[in-house]
Amino acid sequence: MKKVLILIVLCCAFVFCMAGCIQKNSKIEQNDEEDSMPETTVALNLTKISPIIRENVNDDVIVAAEAVIENFLQYKNNVTIKVSGNTQRFLNDMTYIIHCTCPLFGAFTDFSEMTSYDEEKGVVSWEFYLDETEFNSKLQGFYEVIGEYLANVATEDSEEMRAILLYYALIDDLSCNDGLLGDNFENLSQEEANMQSSPYYVLMEKTGICTNIAQAYMFLCTQMDIACGTVLHMGGSGMHMWNIVQMNGAYYYCDPMWDANTSLAYFGITAEDRASWAGGYSEKEGTMLSVIIPEKYDVSNTRFEILREKIPVEISELRVDKELQTITFAGYEYEYVFECKATE
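None of the values given here were measured: they were computed from a predicted structure. (Residues numbered from 1 in each chain as written. Predicted model: local features only at pLDDT ≥ 70, side-chain atom pairs only at ≥ 80, totals over all residues. Heavy atoms only, no water.)

**Focus: the overall build of the protein**
Logical step 1: A tally of regular secondary structure across the protein gives 14 helices and 17 strands.
Logical step 2: Burial statistics for the protein: of 344 residues in total, 56% are counted as buried.
Logical step 3: The long-range fraction of contacts in the protein, counting pairs at least 24 apart against all pairs at least 6 apart in sequence, stands at 67%.
Logical step 4: Roughly 15,000 Å² of accessible area belongs to the protein as shown, and the carbon and sulfur atoms make up 47% of that amount. (Helix = DSSP H or I, 4+ residues; strand = E, 2+ residues; numbered from the N terminus. Buried < 20%, exposed > 50% of the residue type's maximum accessible area, 1.4 Å probe, protein only. Contact = heavy atoms within 4.5 Å. Areas by Shrake-Rupley, 256 points an atom, 1.4 Å probe, with all protein chains shown as cover.)

**Let's talk about the nonpolar core**
Here is a general trend for soluble globular proteins: nonpolar side chains tend to be buried in one another's company.
Logical step 1: With 110 residues, the main nonpolar core has Met94, Tyr217, Ile244, Phe267 and Phe329 as its most contacted residues.
Logical step 2: The element best represented in this core is helix H7 (residues 159-171), accounting for ten residues.
Logical step 3: Once you skip the residues sitting within four places of it in the chain, Tyr217 turns out to touch Ala163, Leu166, Tyr167, Leu170, Cys228, Asn243, Val245, Cys254, Pro256 and Phe267.
Logical step 4: Listed in part, the five residues of the second largest apolar core include Leu180, Phe185, Leu188 and Ile209. (Core = buried A, V, L, I, M, F, W, Y, C linked by side-chain atoms within 4.5 Å.)

**Regarding the pattern of salt bridges**
Logical step 1: Throughout the structure, instances matching the rule amount to eight salt bridges.
Logical step 2: With its nearest N and O atoms 3.1 Å apart, the salt bridge here joins Arg54 to Glu66. Of this pair, Arg54 sits in helix H2 (residues 51-54) while Glu66 sits in helix H3 (residues 59-73); the two residues are twelve residues apart in sequence, bridging distant segments of the chain.
Logical step 3: Arg303 is the partner of Glu160 in a salt bridge, and the nearest nitrogen-oxygen pair spans 2.8 Å. Separated by 143 residues along the polypeptide, Glu160 in helix H7 and Arg303 in the loop between helix H13 (293-296) and helix H14 (305-310) bring together distant segments of the chain.
Logical step 4: Connected through salt bridges with shared partners, the residues Glu317, Arg319 and Glu335 form a single ionic network. (Salt bridge = Lys/Arg side-chain N within 4 Å of Asp/Glu carboxyl O.)

**Re the packing of helix H4 (residues 87-101) against helix H11 (residues 210-223)**
Logical step 1: Packing of H4 against H11 brings their axes to within 8 Å, and their N-to-C directions diverge by 70°. With respect to each other, H4 and H11 are oriented roughly perpendicular. Contact residues: H4 offers Tyr96, Cys100 and Thr101, while H11 offers Gln215, Met218 and Phe219.
Logical step 2: Counted by class, the contact of H4 with H11 contains four nonpolar, two polar and no charged residues. (Axes fitted to C-alpha atoms, helices over the stretch in contact; angles between N-to-C directions. Parallel < 35°, antiparallel > 145°, perpendicular 65-115°, else oblique. Nonpolar A, V, L, I, M, F, W, Y, C, P; charged D, E, K, R; others polar.)

**Some details on the packing of aromatic side chains**
Aromatic rings considered in pairs are described by the distance between their centres and by the relative angle of their planes.
Logical step 1: Here the structure, examined in full by the defined rule, presents 22 aromatic pairs.
Logical step 2: For the ring pair Phe72 and Phe128, a centre distance of 5.4 Å and an interplane angle of 5° mean the geometry is stacked. Highlighted residues: Phe72 in helix H3 and Phe128 in strand E6 (residues 127-128), separated in sequence by 56 residues. Of the two residues examined, Phe72 and Phe128, each falls in the buried class.
Logical step 3: Plain terms: the ring middles of Phe142 and Phe219 are 5.8 Å apart, the flat faces sit at 45° to each other, and that makes the pair tilted. (Phe/Tyr/Trp six-rings, centres within 6.5 Å; stacked < 30°, edge-to-face > 60°.)

**Here we look at the confidence of the model for the protein**
Logical step 1: Model confidence for the protein is summarised by a mean pLDDT of 87, while 86% of its residues fall at 70 or above.
Logical step 2: A low-confidence stretch, residues 1-26 (pLDDT under 50), is modelled with 56 contacts involving residues beyond four sequence positions or located in other chains. (pLDDT = per-residue confidence, 0-100.)

**A look at the packing of H3 against H4**
Logical step 1: One way to put it is that H3 packs onto H4 with a least axis distance of 9 Å and a crossing angle of 50°. As the angle between them shows, H3 and H4 are arranged oblique. Of the two elements, H3 crosses H4, and the hand of that crossing is right-handed. Here Asp60, Val61, Ile62, Ala64, Ala65, Val68 and Ile69 of H3 lie close against H4, whose contacting residues are Phe90, Asp93, Met94, Ile97, Ile98 and Thr101.
Logical step 2: Partitioning the contact of H3 with H4 into residue classes produces ten nonpolar, one polar and two charged. (Left-handed = near helix turned anticlockwise from the far one by under 90°.)

**Notes on unusual backbone geometry**
Logical step 1: Backbone geometry places Leu289, a non-glycine residue, at a positive phi of 55°.
Logical step 2: Looking at where Leu289 falls in the secondary structure, it is placed in the loop between strand E13 (286-288) and strand E14 (291-292).
Logical step 3: Look at Gln325: it is not a glycine, yet its phi comes out positive at around 55°.
Logical step 4: When you line up the elements, Gln325 lands in the loop between strand E15 (317-321) and strand E16 (326-331).
Logical step 5: On the accessibility criterion, Gln325 (13% relative accessible area) is buried.

**Re the pairing of strand E11 (residues 250-254)**
Logical step 1: Burial within E11 is extensive, with five of its five residues counted as buried.
Logical step 2: Here E11 shows a buried face lined by Ala250, Tyr252 and Cys254 and a second buried face lined by Tyr251 and Tyr253.
Logical step 3: In this sheet, E11 lies alongside strand E10 (residues 240-247) in antiparallel orientation, the contact comprising five bridges. Following the sheet pairing, Val245 is matched in E11 by Tyr252.
Logical step 4: The loop that links E10 with its antiparallel partner E11 comprises two residues; one of these, Asn248, has a positive phi angle of about 55°.
Logical step 5: Sheet topology places E11 next to strand E12 (residues 267-269); two bridges connect them, and they run antiparallel. Bridge pairing links Tyr253 to Ile269 in E12. (Pairing = 2+ DSSP bridges.)

**Some remarks on the sheet that holds strand E4 (residues 117-118)**
Logical step 1: Strand order in the open sheet made by the three strands is E2-E5-E4, with antiparallel pairing throughout. Looking at strand neighbours, the two that pair on one side only are strand E2 (78-80) and E4, the edges of this open sheet.
Logical step 2: Sheet topology places E2 next to strand E5 (residues 123-125); three bridges connect them, and they run antiparallel. Across the sheet, residue Thr80 finds its bridge partner in E5, namely Val123.

In structure tokens, the structure reads:
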């Protein structure tokens, strides 16, 4: 299991180095009468599963994932589940959903879909790395940090505005986690490896690799009612993971790792972009769970092409007008106002 993770992080390190990153000191401002940041009214829900995931797994997987998360949040270490269909696929899908839906689970437990399920008893179990008091403290701290990510976003905002603001909040000051690369990873304990490869670590420490960065963005989008999943590419161009996001009925690719601490060059790209200038990743080799992306989703809308034309690499400031639903991107010798479409 650990050797598989080593292969994944090495491939991710390669693509990150290809992407590069530029340092910046940026901020988000809201244009309103009081010039203040709004407080999100969204209640954090760690069992909230993305609709794009729900439509691609059977109901038993959803029920099992929710049961594991609910018991985990109560500091329980096992739960009885109903497995249907192919057992290994069921457990793989369940584990994926758990990690993307509740970022703390992978960070604070010793769990493997290969060994943590007792088929005879129908029980899945895990071990905590910290005591209940420490766990509750970490949980509270997580709620506070996620509240900061969501502070600029409201459910009344258009899907485009929500998706862009969440994306920018994630990539701002985001870096590659060298601790997960090559020999550095070998020197980590299993507890340290689980922590640093989790989306929790990305959200709390602003550092990660392609897999947990994509999972972190998926988590933020899900909390704000944006359909979002992750796309895993395994093929001739190497292994990489990014996001598929639905906005106004159209599907787009977003790659927060390749935009880490830079701009929105890889926000809202098409499958054709991904296969050409944006990495050379063949669409036929991109999957989400067991779904081959082009067989179910059309990722061809060029709505956000304008962002790459108007916004240079570095963004130093964002100004948000909630009333007009516009985002002004500003940097050295440029300024561009993007009008977000109302949610259809």
